[in-house]
There are 2 protein chains.
Amino acid sequence: MFVTHLECSKCRLTYESERIMHLCTCGAPLLVCYDLDQVKNAVSKEVLGTREPTLWRYREWLPIRQDENIVSLGEPMTPVIPLRKLGPELGMPHLFMKDEGMLPTGTFKARGAAVGVSRARELGVQVLALPTNGNAGAAWAAYCQAAEVRAVVVMPADSPAINQKECTITGASLYLVNGGIGDAGKIVTRAVEEFGWYNASTLREPYRIEGKKTMGLELLEQFSWQPPDVIIYPTGGGVGIIGIYKALEELRSMEWIGEKLPRLVAVQSTGCAPIVKAWREQQKESQFWENAQTIAFGLTVPHALGDFLVLEAIHKTNGCAVAVSDQEILEAQRLLAQREGPFICPEGAATLSAAMRLAEEGWITSRERVLLLNTGAGLKYPETVQADPPVLEPDDRLPDE
Amino acid sequence: MFVTHLECSKCRLTYESERIMHLCTCGAPLLVCYDLDQVKNAVSKEVLGTREPTLWRYREWLPIRQDENIVSLGEPMTPVIPLRKLGPELGMPHLFMKDEGMLPTGTFKARGAAVGVSRARELGVQVLALPTNGNAGAAWAAYCQAAEVRAVVVMPADSPAINQKECTITGASLYLVNGGIGDAGKIVTRAVEEFGWYNASTLREPYRIEGKKTMGLELLEQFSWQPPDVIIYPTGGGVGIIGIYKALEELRSMEWIGEKLPRLVAVQSTGCAPIVKAWREQQKESQFWENAQTIAFGLTVPHALGDFLVLEAIHKTNGCAVAVSDQEILEAQRLLAQREGPFICPEGAATLSAAMRLAEEGWITSRERVLLLNTGAGLKYPETVQADPPVLEPDDRLPDE
């Protein structure tokens with residue numbers, strides 16, 4: 001393992017990494033730092049290319065000391081799919097989608113859980129707790145069960161039923177709250193203080209982001225280390241985009257990629273767009289978004305602890321932030337399924353809506369390589385599709401097509 | 001492409017492969033034959049190891065002439081996960097599960113659809129139709145949309161809602177029937193005859209099985225070409241087990257594996273077990289199963305066209321056939337989730353039930369390497385889990401763990 005220490009993402013105070021740490025004394029998230037020269041000596045692009053197609057191929061960039069602490073449900077490399085019809089139709093002939101719906105538990109949350117739970121186990125954690133809008137809870141529940149760590153999950157009462165069922169079948173301790181993810185977070189904070197559990201809330205421990213980072217490492221390898229021009233990411237808690245940015249920075253520092261980074265675009269829903277608002281107002285941090293409500297449930301994060309890191313990633317890469325409506329999201333979801341086949345989640349569909357708008361505005365040009373991140377399978381969002389097919393009797397005949 | 005011809009699986013009559021073909025004149029399915037010497041010359045195990053981790057790495061074993069006809073939604077290699085806790089507990093220390101739930105559309109049906117639709121497009125098909133219990137319909141709908149082939153899907157009215165929604169969002173023509181998959185099949189047969197559509201029903205075209213075959217090729221590569229001792233497969237229409245057996249035969253013929261094949265086990269539900277019944281009665285074909293009913297919806301196939309091929313595969317590999325109850329299936333599904341993490345489909349869980357019974361009976365010994373095939377994600381079967389978590393108010397406290 002090449003981890004050297006932990007560093008505050010805001011005040012840059014450093015901490016040692018071999019004991020359980022949460023936030024900096026200043027209240028900001030801690031980031032994991034590596035000796036990247038040693039990483040560079042330990043692995044080459046060629047060697048990487050011969051490894052198993054899972055996120056653990058990026059072993060040298062990950063914060064696990066002993067292999068035996070790795071908890072894996074078999075995370076495959078998720079495909080980068082060229083949108084061969086839709087791209088040209090929308091003025092983006094080089095449009096791609098990385099489909100994270102093929103990970104365990106059906107979403108990108110598996111990356112954070114795989115690395116986060118592995119490290120928690122390595123640090124001796126026996127009980128962890130987290131608030132969630134649903135998908136992260138389901139992923140952490142599954143990995144905790146594999147790791148024999150007790151998981152306590154708290155989610156809003158109106159979170160998707162499938163996520164509640166995923167937590168239930170694994171045997172995690174699941175609670176609902178009449179409120180939003182912020183209320184769930186407060187319940188977790190109180191319990192963690194009272195019982196001494198490990199707080200696995202978004203960015204309150206430093207290792208989930210390292211799992212999400214593998215999205216960036218993986219997509220760069222899939223693009224043969226030639227970064228696309230634009231990466232569009234749906235942004236709730238923001239760990240995905242922060243993780244991708246961290247991957248880009250580490251690879252640039254190692255000179256595995258050049259100086260020019262992709263422009264990172266954060267997409268939110270008009271029903272909950274604190275980061276877009278802050279971006280437009282040129283603020284470095286966001287404000288709490290009142291009455292947050294969107295069909296893209298994973299984006300219902302009224303105030304993200306890492307808001308300033310998302311804004312920094314956008315700013316430093318000359319990116320931007322875009323809010324799209326639920327109506328646009330559902331249209332984009334259907335458009336993608338009908339033109340290209342995949343049934344994606346609304347959060348992922350939001351990136352297509354954003355790309356369409358940015359191409360129309362000329363912010364994306366037709367020469368650019370544009371990558372959408374679909375963060376999960378549409379299978380987890382059955383309520384986004386209404387089906388009302390005709391019902392036949394066994395002797396009935398079909399009409400011609 | 002190394003396809004030489006098509007051959008009847010029963011009477012061995014041969015047909016040319018470059019025009020649209022369905023069943024043999026004798027009524028049995030046709031199988032695709034290859035010049036395996038040429039395949040052997042064209043690819044080595046070493047070269048294979050360097051290819052992209054998708055089913056298209058087995059290009060030489062697939063019946064697509066032109067690369068541009070390939071329709072892909074980015075099928076990743078699905079992981080083989082060692083069941084490190086459950087295996088030893090159940091007296092099978094070398095117990096593995098290949099998790100097909102990570103394919104597009106969340107089930108192994110994506111393999112058959114990827115290859116079947118690609119070949120249909122190559123042969124000039126514009127409209128295809130198929131009956132389905134749900135998952136195959138969803139997969140073929142998605143791949144057809146990508147291929148610009150019209151899909152007409154007919155499924156039982158009580159098939160899972162998610163599959164209906166998947167067909168709907170892609171824009172396939174979906175019909176329900178008040179009846180079972182056999183009734184859906186009859187409606188499709190009539191329409192195919194009337195309108196000249198391509199019949200994509202199970203084993204009525206020769207190419208779906210070639211996609212399923214990649215399950216076998218892939219698992220053999222993942223086992224470093226040392227076949228496991230036992231492979232346990234949930235059997236509805238039977239294409240999966242037939243495909244795996246075909247892969248084994250082709251690899252043995254190429255001398256990529258030795259003479260000894262894994263014992264293949266077909267698992268059905270006690271609510272629909274025609275193949276198990278035929279196996280016990282030492283019949284070569286099965287009889288229609290009246291009042292078929294099981295929570296493992298994909299196993300609700302009262303009479304499979306390829307029953308004799310399944311029975312032959314079991315017989316020739318010294319395998320067996322096992323029926324397990326819905327109660328056992330649901331218990332195995334929960335056991336797997338609670339001990340190992342993954343939330344699998346009931347069809348997949350049936351293989352664990354079967355393994356437990358076969359180990360108890362001594363048919364599987366503790367030295368043997370045993371592979372379970374989980375054919376899909378539990379996410380597609382929300383009705384198999386009841387969740388009733390406590391609901392808190394924002395000021396409530398959690399109990400200790």
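A brief look at the structure comes next. Note that the coordinates shown come from a computational prediction; the quantities given were computed from them, not determined experimentally. (Residues numbered from 1 in each chain as written. Chains lettered and ligands numbered in written order. Predicted model: local features only at pLDDT ≥ 70, side-chain atom pairs only at ≥ 80, totals over all residues.)

So, on to the relation of the copies chain B and chain A. After a rotation of 180 degrees and a shift along the axis of 0.0 Å, chain B superposes on chain A with an RMSD of 0.0 Å. Such values leave the two copies arranged in the relation of a two-fold axis. Scanning chain B for the C-alpha nearest the rotation axis identifies Met102(B), at a separation of 2.3 Å. A share of 100% of interface residues in chain B that are also interface residues in chain A marks the association as one of identical surfaces. (Least-squares fit on C-alpha atoms with pLDDT ≥ 70 in both. Contact = placed C-beta atoms within 7 Å.)

With that settled, consider the sheet that holds strand E8 (residues 173-177) of chain B. Overall, parallel pairing links the five strands, which are arranged E14(A)-E8(B)-E7(B)-E6(B)-E9(B) in an open sheet. Only two strands of the sheet have a single partner each, and these edge strands are strand E14 (391-392) of chain A together with strand E9 (198-199) of chain B. As paired elements, E14(A) and E8(B) share two bridges and run parallel to each other. Following the sheet pairing, Leu392(A) is matched in E8(B) by Val177(B). (Pairing = 2+ DSSP bridges. Helix = DSSP H or I, 4+ residues; strand = E, 2+ residues; numbered from the N terminus.)

On to the pairing of E8(B), then. Residue and element names in this part refer to chain B. In terms of residue burial, E8 counts as a mostly covered element, since four of its five residues are buried. Across five bridges, the pairing between strand E7 (residues 150-156) and E8 is parallel. Bridging across to E8, Val-153 finds its partner in Leu-174. (Buried ≥ 20, exposed ≤ 12 C-beta atoms within 10 Å, placed from the backbone.)

Attention shifts here to the sheet that holds strand E1 (residues 3-8) of chain A. Whenever strands of a sheet pair, they do so through backbone hydrogen bonds, lying parallel or antiparallel. Taken in spatial order, the three strands make up an open sheet running E2-E1-E3 (chain A), and their pairing is antiparallel. Two strands bound the open sheet, and with one partner strand each, they are strand E2 (14-15) and strand E3 (30-34) of chain A.

All names here are of chain A. Two elements in contact, helix H5 (residues 135-147) and helix H6 (residues 161-170), have axes whose closest approach is 8 Å; the angle formed by their N-to-C orientations is 15 degrees. The orientation of H5 relative to H6 falls into the category roughly parallel. In this structure, the crossing between H5 and H6 has a hand that is left-handed. Along the contact surface, H5 presents Asn-135, Gly-137, Ala-138, Ala-141, Ala-142 and Gln-145, while H6 presents Asn-163, Glu-166, Cys-167 and Thr-170. Here the contact of H5 with H6 is composed, by residue class, of four nonpolar, five polar and one charged. (Axes fitted to C-alpha atoms, helices over the stretch in contact; angles between N-to-C directions. Parallel < 35°, antiparallel > 145°, perpendicular 65-115°, else oblique. Left-handed = near helix turned anticlockwise from the far one by under 90°. Nonpolar A, V, L, I, M, F, W, Y, C, P; charged D, E, K, R; others polar.)

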